[in-house]
Amino acid sequence: QELIYQTFLLVLIAAAAIMVWVAYRFRDFRMGVTALAALLHDVVIVVGFFAFLGTFVGLQIDSLFVTAMLTVIGYSVHDTIVVFDRIRENRQRFLGEPLELIVNHSLVQTIGRSFTTSLTLAFTLLALLLFGGEAIRPFTLALLIGVIAGTYSSIFVATPLFLDWHLWSDKRKANQSAEAKTETVGA
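Residues numbered from 1 in each chain as written. Predicted model: local features only at pLDDT ≥ 70, side-chain atom pairs only at ≥ 80, totals over all residues. Heavy atoms only, no water.

Colleague: For this particular structure, what's the right way to read the overall build of the chain?
Modeller: Assigned secondary structure in the chain consists of five helices and zero strands. Along its sequence from the N terminus, the chain presents helices and strands in the succession α-α-α-α-α. Seen through its C-alpha atoms, the chain measures out along the principal axes to roughly 75 × 35 × 30 Å. For the chain, the residues scored as buried account for 40% of the 187 residues in total. Long-range pairs, those at least 24 residues apart, make up 75% of the contacts in the chain between residues at least 6 apart in sequence. Within the structure as shown, the chain displays about 10,800 Å² of accessible surface, and the carbon and sulfur contribution to it stands at 68%. Here the chain carries 13 positive and 14 negative side-chain charges, and the mean point of each set is 8 Å from the other. (Helix = DSSP H or I, 4+ residues; strand = E, 2+ residues; numbered from the N terminus. Buried < 20%, exposed > 50% of the residue type's maximum accessible area, 1.4 Å probe, protein only. Contact = heavy atoms within 4.5 Å. Areas by Shrake-Rupley, 256 points an atom, 1.4 Å probe, with all protein chains shown as cover. Lys, Arg positive; Asp, Glu negative; His and termini not counted. Charge placed at Lys NZ, Arg CZ, Asp CG, Glu CD.)

Colleague: It is not clear to me how the packing of aromatic side chains should be interpreted in this structure. Could you clarify?
Modeller: The description of an aromatic ring pair uses the distance of the two centres, along with the angle that the planes make with each other. What the rule picks out here adds up to five aromatic pairs. Between Phe29 and Trp165 the ring centres are 6.4 Å apart and the planes differ by 75 degrees, which places this aromatic pair in the edge-to-face class. With Phe29 in helix H2 (residues 29-56) and Trp165 in helix H5 (residues 137-186), the pair connects residues that are 136 residues apart, well separated along the chain. Trp165 gets classed as partly exposed once you look at its relative accessible area, which sits at 29%. (Phe/Tyr/Trp six-rings, centres within 6.5 Å; stacked < 30°, edge-to-face > 60°.)

Colleague: In this structure, what is going on with the environment of Arg137? I would like to understand it.
Modeller: Turning to its location among the elements, Arg137 is positioned in helix H5. As a C-alpha pair, Arg137 and Leu125 span 12 residues in sequence and 9.6 Å in three-dimensional space. If near-sequence neighbours (up to four positions away) are discounted, Arg137 is found in contact with Leu129, Leu130 and Gly132.

Colleague: Looking at this structure, I do not really get the pattern of salt bridges. What am I missing?
Modeller: Between side chains of opposite charge, a pair can form when the charged atoms approach closely. Per the stated rule, a full pass over the model turns up six salt bridges. Here Arg88 ties to Asp85 by a salt bridge, and the two come within 2.3 Å at their closest N and O atoms. Of the two residues, Arg88 and Asp85 are both situated in helix H3 (residues 63-93); the distance of three residues between them amounts to about one turn of the helix. The class for Asp85 is partly exposed, based on a relative accessible area of 21%. (Salt bridge = Lys/Arg side-chain N within 4 Å of Asp/Glu carboxyl O.)

Colleague: Explain helix H4 (residues 99-131) here, please?
Modeller: One full turn of an α-helix is made of 3.6 residues, so residues set three or four places apart face in the same direction. For H4, built from 33 residues, the straight-helix expectation of 48 Å at 1.5 Å per residue is met to within 8% by its first-to-last C-alpha distance of 46 Å. A bend of about 40 degrees at Thr110 is the largest found in H4. Along H4, the residues that are buried comprise Leu99, Ile102, Val103, Ser106, Leu107, Thr110, Ser114, Ser118, Ala122, Leu125 and Leu129. (Expected span 1.5 Å × (residues − 1). Bend = angle between axes of the 7 residues up to and from the residue.)

Colleague: Is there a simple way to think about the nonpolar core in this case?
Modeller: If you look at soluble globular proteins, the nonpolar side chains tend to sit buried side by side. Grouped together as the largest cluster of nonpolar side chains are 43 residues, with contacts concentrated most on Val22, Val46 and Phe84. Those elements giving two or more residues to this core turn out to be helix H1 (2-26), H2, H3, H4 and H5. Contacts of Phe84, omitting those with residues within four sequence positions, involve Phe26, Met31, Thr34, Ala35, Ala158, Thr159 and Phe162. (Core = buried A, V, L, I, M, F, W, Y, C linked by side-chain atoms within 4.5 Å.)

Pasting the structure below:
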């Protein structure tokens, strides 16, 4: 029980610090929040998988699980930052282009790197899972699940959330602007 509480507390502290850093670094609060959402997605996937295995197979978490969760957080946020950094670069390079095209172009530029890096790490972790010692098996399994979830979330969770938030905000501003013009014309 204490280990679960400590893991939860460490994950929250790390997540908050990462959100603040990403928002500051990219000068966009939405990037920080969506990176946090993707990060929490990854944590929930790993914890849920271990809860499932704990219920049906009797797998218990230990202190290495805390280390694995913090490593998954670091990997997930790194992968998300790579995509967000490319979006930031392309927004400056392609001024005036619609954000949807910039985000799509950025994903196309980074998806190969993300999959290659993740597959390389996944093969290494799979080898450790199959041929490593029993003591590191739960740690390696948590990392393997986290790498897969982290790769998925940086491409299919964080980036679409960021884009949808921007599009929603732009649409809301346009509606408010149109309403203000209508009120001015009607007055």
